[in-house]
Amino acid sequence: MMRDSRTALYRLYDEHNQLLYVEVTSDPNRRWETHRAEKDWWPV
């Protein structure tokens, strides 16, 4: 059985408007926390 769940599509760009990352997630807040902890390109 499939549950109805909302998803978010987001795109992240650098300061030169170059695409860095595209993702679809059901929990964007948790995903952003993971990016913050793991990605060199995430702003401090």
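Presented here is a report on the structure given in the accompanying data block.

Rules and cut-offs
Residues numbered from 1 in each chain as written. Predicted model: local features only at pLDDT ≥ 70, side-chain atom pairs only at ≥ 80, totals over all residues. Heavy atoms only, no water. Helix = DSSP H or I, 4+ residues; strand = E, 2+ residues; numbered from the N terminus. Polar contact = N/O pair within 3.5 Å; in protein donor to acceptor, adjacent residues only side chain to side chain. Contact = heavy atoms within 4.5 Å. Salt bridge = Lys/Arg side-chain N within 4 Å of Asp/Glu carboxyl O. Buried < 20%, exposed > 50% of the residue type's maximum accessible area, 1.4 Å probe, protein only.

Within the secondary structure, Thr 25 is located in strand 2 (residues 19-25). Of note is the side chain of Thr 25, whose polar atom sits 3.1 Å from the backbone nitrogen of Asp 27. Leaving out residues up to four positions away in the same chain, Thr 25 has contacts with Arg 6, Thr 7, Ala 8, Tyr 10 and Arg 31.

So, on to the pattern of salt bridges. If the charged atoms of two oppositely charged side chains come close together, the side chains can form a pair. Under the criterion given, the structure shown has three salt bridges. The salt bridge involving Arg 30 is made with Asp 27; its shortest N-O contact spans 3.6 Å. Judged by relative accessible area, Arg 30 falls into the exposed class, the value being 53%. Among the salt bridges present, the one from Glu 33 reaches Arg 36, with a minimum N-O distance of 2.6 Å. Pair noted here: Glu 33 and Arg 36 are both in helix 1 (residues 28-38), with a separation of three residues, about one helical turn. The exposure class assigned to Arg 36 is partly exposed, which follows from its relative accessible area of 45%.

On their own, these measurements won't tell you what the molecule is for.
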